[in-house]
Amino acid sequence: MLPSDRLERRAELLELARRSCWDNVVRGRFKYLRVSVREGRVRVSCPTRVGQSELTRFIEANLEKVATWMHLQKIMLENRRKANPMSALLCDGGRVAYEGNVLTLRCDPNIDRTRISEDAKELCVKLAATARREDVSAIVQKWLKERFAERMAERVSFWVNKTGLQPKKVSASNAKTLWGSCSRNGSVRLSWRLICLPPAVFDYIIVHELVHLRHFDHSKAFWEEVNAIYPETPSVRRYLKNVRAADLF
Ligand SMILES: [Zn+2]
């Protein structure tokens, strides 16, 4: 790389860090201004008393550091993904996890629509073999989200009928760190990336969030009820210890 290229790259990284900081300012009852980067994501905690100019100075003073953290974590995340067979590799001949199995991606412009092959080993994507990563990603993601929505509708209604626990609303989330969440007003959100994992995990997360409608904590009573409704809970939880949503897709 030429020195001028490197400088340009550096300027890009700094600009990305600046934008990421400003997009992720959380104002609240914090003691200090603080910036953190986790799994490549930035968060600026800003006490309510801090004004715009002080915040700007803080972000500018920390920009180099944030850019370096973001860059290193991105490389780490990429390496982790490459080493994980469940991580999506979005190109012809690549792979994607679906319901706990790894499907090989096969790009073919001549098929009628994106679908699973008859032997259930490939996901045939309606695209040219030379398609860009972004295009493969968009189509595969859309296909996964559709499968997720179907499964979510079916499994949520199954567990609502079985438990009598009725959420106010259930919707898909794009969360990369949480598989599911339940708000105090009774809305349940489920990560669409659950469709990549074995169906038992999907069921467990639904049960977990539904039981939160009765116990808004992780108390002994909460776990007893989850285990009673879904006895596979301990094995699914062990399995989930080694899976990160951000690594899948
Ligand atoms: Zn919980």
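Residues numbered from 1 in each chain as written. Predicted model: local features only at pLDDT ≥ 70, side-chain atom pairs only at ≥ 80, totals over all residues. Heavy atoms only, no water.

Trainee: Describe in detail the coordination of the zinc ion, supporting the description with residues and values.
Mentor: Protein-derived ligands of the zinc ion are His208 (NE2), His212 (NE2) and His218 (NE2), with the metal-ligand distances lying across 2.0 Å. Mapped onto the polypeptide sequence, the residues donating to the zinc ion form the spacing pattern H-x3-H-x5-H. With histidine 208 in helix α4 (residues 199–212) and histidine 218 in the loop between α4 and α5 (220–229), this residue pair connects regions lying ten residues apart in the sequence. Overall, histidine 218 belongs to the exposed group, its relative accessible area being 51%. (Donors = N, O, S within 2.8 Å, 3.2 Å for Na, K, Ca; no water. Helix = DSSP H or I, 4+ residues; strand = E, 2+ residues; numbered from the N terminus. Buried < 20%, exposed > 50% of the residue type's maximum accessible area, 1.4 Å probe, protein only.)

Trainee: Please give an account of the side chain of serine 173 that cites residues and values.
Mentor: Among the structural elements, serine 173 can be located in strand β8 (residues 169–173). Not counting the four nearest positions on each side in its chain, serine 173 is found in contact with Arg189, Leu190, Ser191 and Trp192. (Contact = heavy atoms within 4.5 Å.)

Trainee: Go over unusual backbone geometry with me, naming the residues and quoting the values.
Mentor: One non-glycine residue with positive phi stands out, namely glutamate 99, at about 50 degrees. With respect to the secondary-structure elements, glutamate 99 resides in the loop between β4 (95–98) and β5 (101–107). Within the chain, alanine 120 stands out as a residue other than glycine whose phi angle is a positive 60 degrees. By the element assignment, alanine 120 lies in the loop between β6 (115–116) and β7 (122–125). With a relative accessible area of 48%, alanine 120 lands in the partly exposed category.

Trainee: Which residues make up the packing of aromatic side chains, and what values do they have?
Mentor: Summed over all chains, the structure comprises six aromatic pairs. Taking the centre distance of 5.6 Å and the plane angle of 85 degrees together, the rings of tryptophan 159 and tyrosine 230 count as edge-to-face. Of this pair, tryptophan 159 sits in helix α3 (residues 133–163) while tyrosine 230 is found in the loop between α5 and α6 (233–240), placing the two residues 71 residues apart along the sequence. Here tryptophan 159 matches tyrosine 230 in class, with each residue buried. In textbook terms, an aromatic cluster arises when at least three aromatic residues are bridged by ring pairs, as seen for Phe158, Trp159 and Tyr230. Seen from the ring of phenylalanine 158, arginine 155 lies directly overhead, with NZ or CZ sitting 4.3 Å from the centre. Over the ring of tryptophan 223 we find arginine 237, and its NZ or CZ is 3.9 Å from the ring centre. (Phe/Tyr/Trp six-rings, centres within 6.5 Å; stacked < 30°, edge-to-face > 60°. Lys NZ or Arg CZ within 6 Å of the ring centre and 35° of its normal.)

Trainee: Let's hear about the sheet that holds strand β2 (residues 34–38): which residues, and what values?
Mentor: As summarised here, the arrangement of the three strands in space is β1-β3-β2, forming an open sheet in which the pairing is mixed. Only two strands of the sheet have a single partner each, and these edge strands are β1 (25–28) and β2. Pairwise comparison of adjacent strand axes, ignoring direction, gives a mean angle of 25 degrees for this sheet. The pairing of β1 with strand β3 (residues 41–47) spans four bridges and is parallel. Its bridge partner lying in β3, valine 26 is registered against serine 45. (Pairing = 2+ DSSP bridges. Axes fitted to C-alpha atoms, helices over the stretch in contact; angles between N-to-C directions.)

Trainee: Hey, could you go over helix α2 (residues 52–83) for me, with residue numbers and the actual values?
Mentor: At leucine 63, α2 is deflected by roughly 55 degrees, the largest bend along its length. Within the sequence span of α2, burial applies to Leu55, Phe58, Ile59, Asn62, Leu63, Val66, Ala67, Met70, Gln73, Leu77 and Arg81. (Bend = angle between axes of the 7 residues up to and from the residue.)

Trainee: Pulling in residues and values, what's your account of the sheet that holds strand β10 (residues 187–191)?
Mentor: The mixed open sheet is built from three strands, whose spatial order is β8-β10-β9. The strands lining the two open edges of the sheet, one partner per strand, are β8 and β9 (180–182). Between one strand axis and the next, the sheet turns through 15 degrees on average, direction left out of account. Strand direction decides the pairing type here: β8 and β10, joined by five bridges, are parallel. Bridging across to β10, valine 170 finds its partner in valine 188. Contacting β8 and β10, α3 crosses the sheet at an angle of about 150 degrees to β8.

Trainee: An account of the pattern of salt bridges is requested, with residue identities and associated values reported.
Mentor: Counted according to the given criterion, the structure contains 19 salt bridges. Between glutamate 99 and arginine 151 there is a salt bridge whose closest N-O contact spans 2.9 Å. Taken as a pair, glutamate 99 in the loop between β4 and β5 and arginine 151 in helix α3 lie far apart in primary sequence, 52 residues in all. Accessibility expressed as a relative area gives 19% for arginine 151, which makes it buried. (Salt bridge = Lys/Arg side-chain N within 4 Å of Asp/Glu carboxyl O.)

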